[in-house]
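# Structural overview
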Amino acid sequence: MRLLALMGTALALVTAFPATAQVPPRYTPKPYVTLTHPAWSRDATLYQLNTRQFTPEGTFKAAEAQLPRLKALGIDIVWLMPIHPIGVKNRKGSLGSPYAVRDYRAVNPEFGTMADLKRFVAAAHKLGMHVILDWVANHSAWDNPLTTQHPDWYDHDWKGDFRPTPWFDWSDIIDFDYSKPGLRQYMTQSMAYWVREAGVDGFRCDVAGLVPVDFWDNVRAELSAIKPVFMLAEADTSELHRRAFDASYAWMWGDTLANISQGKAGADALYGYYSATETSWPHEAMRMLFTSNHDKNSWEGTEFERFGPNLDNAIVLTFVSEGLPLIYNGQEAGNAKRLAFFERDPIAWRDHPNGALFKRLIALKKAHPALWNGQWGARMVPVVNSAPAQVLSFTRTKGTDKFFALFNMSDKAVTVSLKDGPYAGRYIDWEGGAAVTLGDGATVTLPAWSHRVLTGAK
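Model, not experiment: these values are computed from the prediction.

A tally of helices and strands in the chain yields 14 helices and 19 strands. For 458 residues, the compact-globule estimate of 2.2 N^0.38 gives 23 Å, and the C-alpha radius of gyration of the chain, at 25 Å, lies within 12% of that figure. With the principal axes as the frame, the chain shows a C-alpha extent of 80 × 60 × 45 Å. In the chain, which comprises 458 residues, the proportion classed as buried is 54%. Restricting the contact set of the chain to residue pairs at least 6 apart, pairs at least 24 apart contribute 71%. Only carbon and sulfur atoms are counted for the fraction: they give 57% of the accessible area of the chain, which is about 19400 Å².

Right under this line is the structure:
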């Protein structure tokens, strides 16, 4: 009798919710991301340009002369590190940190003039590239005029004095207080000034996670009212993507990959990052992937130090896995030194195999929709193999465009059996050009620290 009663209850539930019933609108999912990415970011690669070190002259004029080379490399968006005058009070080193801003509406005379900056931006635009500025909203230099004009806009310590960001060794800067509406207006209007006056196309925002999200939401709205902009957050939080930022830092990806390269973890250590990216982040979010940037290079070591024999794998993975690729200036020349941060230390330019590798990878990304950024590209689908601690394997498919990639992230050759996943099919080896057919249960042999990138055969 009890079984009959339970069956009757189940039948009643089905009857109460017939398949043809109209679901009320309140149950319809709403898009999490409400901003619109600029169309030119669809398959973009970023290039971080440290004006101080980029050329022997260290100026915008000298950097402008190198723009055709960056265009030939395939770069789409040039990110200029902070271009503002640098504070003198409590300065680190002889030249100071560009992140200690003394005037948000002026150009550092070491780099040139406002006219020089405008010509740089115009030259980039003429070549079909875009330019974003590094913006330091969280803090300023100690001698920024705002300290005397609006001391209430700053954070204060327990003694009532200005204070640097707590718990960090950032003694050359002091923090703003974003509970002040006047500060928010000033900072937003300053960012809009550079979009209107210099024609820049957006911003990379320093320590964006230390500034309130609602400030950034409004910034994006006001800038987008001027023209389409691209916003990159130095932060690792999905909330910033909802209304403010197109891209954010994938710190966990790079740090995990460095640990793998140094023998501190296996290839399967990346699973946590990729799982979180798919389950906890919107598909529209562009996670910026990199093997170097100014922080990593100056304070933790060059890509050669951090990735060693796994560097080629790391570079290729930057472009073929989900993410927005970044190249830090000098990587294409195989720069093997830690660039000084507070002094002049020009890059020693030379031809290097990494330059050719970057160029081929950028061209590959542009030619294949499966590899595009954010919602334009395809999700990664894991392919289960017999040696997950050594080999990372996955596919990406967008319509008829299919990729299958395998990376041996160990110091030993390995032959893996493919056990599960949509890998079967006909391919062309991206590097060798050979035709490859993989059936169910196929095996693939990979030398130590090597990869195979297979593109779907037509």
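We now examine the side chain of Asn313. Residue placement: Asn313 occurs in helix α13 (residues 311-320). In this structure Asn313 comes out as buried when scored by relative accessible area, which is 0%. Only 2.9 Å separates the side chain of Asn313 from the side chain of Asn310, close enough to count as a polar contact. Among residues more than four places away in sequence, those in contact with Asn313 are Phe407, Asn408, Met409, Trp449, Ser450 and His451.

Helix α8 (residues 213-224) packs onto helix α7 (residues 181-197) with a crossing angle of 35° between their chain directions and a minimal axis gap of 10 Å. Read as a crossing pair, α7 and α8 show a hand that is right-handed. Residues Arg184, Met187, Thr188, Met191, Ala192 and Val195 of α7 touch α8, and the partners they reach there are Asp214, Phe215, Trp216, Asn218, Val219, Glu222 and Leu223. For the contact of α7 with α8, the class distribution of residues is eight nonpolar, two polar and three charged.

Evaluation of the coordinates by the stated rule reveals 29 aromatic pairs. The interplanar angle of 15° and the centroid separation of 4.5 Å between the aromatic rings of Phe168 and Trp170 together place this pair among those described as stacked. The rings of Tyr104, Trp135, Trp153, Tyr154, Phe162, Phe176, Tyr178, Tyr186, Phe203, Phe215, Trp216 and Phe245 are connected pair by pair, giving a single aromatic cluster. Across from the ring centre of Trp372, 3.9 Å away, lies the NZ or CZ of Arg42, which sits over that ring.

Procedures and definitions
- Residues numbered from 1 in each chain as written.
- Predicted model: local features only at pLDDT ≥ 70, side-chain atom pairs only at ≥ 80, totals over all residues.
- Heavy atoms only, no water.
- Helix = DSSP H or I, 4+ residues; strand = E, 2+ residues; numbered from the N terminus.
- Rg over C-alpha atoms; globule rule 2.2 N^0.38 Å.
- Buried < 20%, exposed > 50% of the residue type's maximum accessible area, 1.4 Å probe, protein only.
- Contact = heavy atoms within 4.5 Å.
- Areas by Shrake-Rupley, 256 points an atom, 1.4 Å probe, with all protein chains shown as cover.
- Polar contact = N/O pair within 3.5 Å; in protein donor to acceptor, adjacent residues only side chain to side chain.
- Axes fitted to C-alpha atoms, helices over the stretch in contact; angles between N-to-C directions.
- Left-handed = near helix turned anticlockwise from the far one by under 90°.
- Nonpolar A, V, L, I, M, F, W, Y, C, P; charged D, E, K, R; others polar.
- Phe/Tyr/Trp six-rings, centres within 6.5 Å; stacked < 30°, edge-to-face > 60°.
- Lys NZ or Arg CZ within 6 Å of the ring centre and 35° of its normal.

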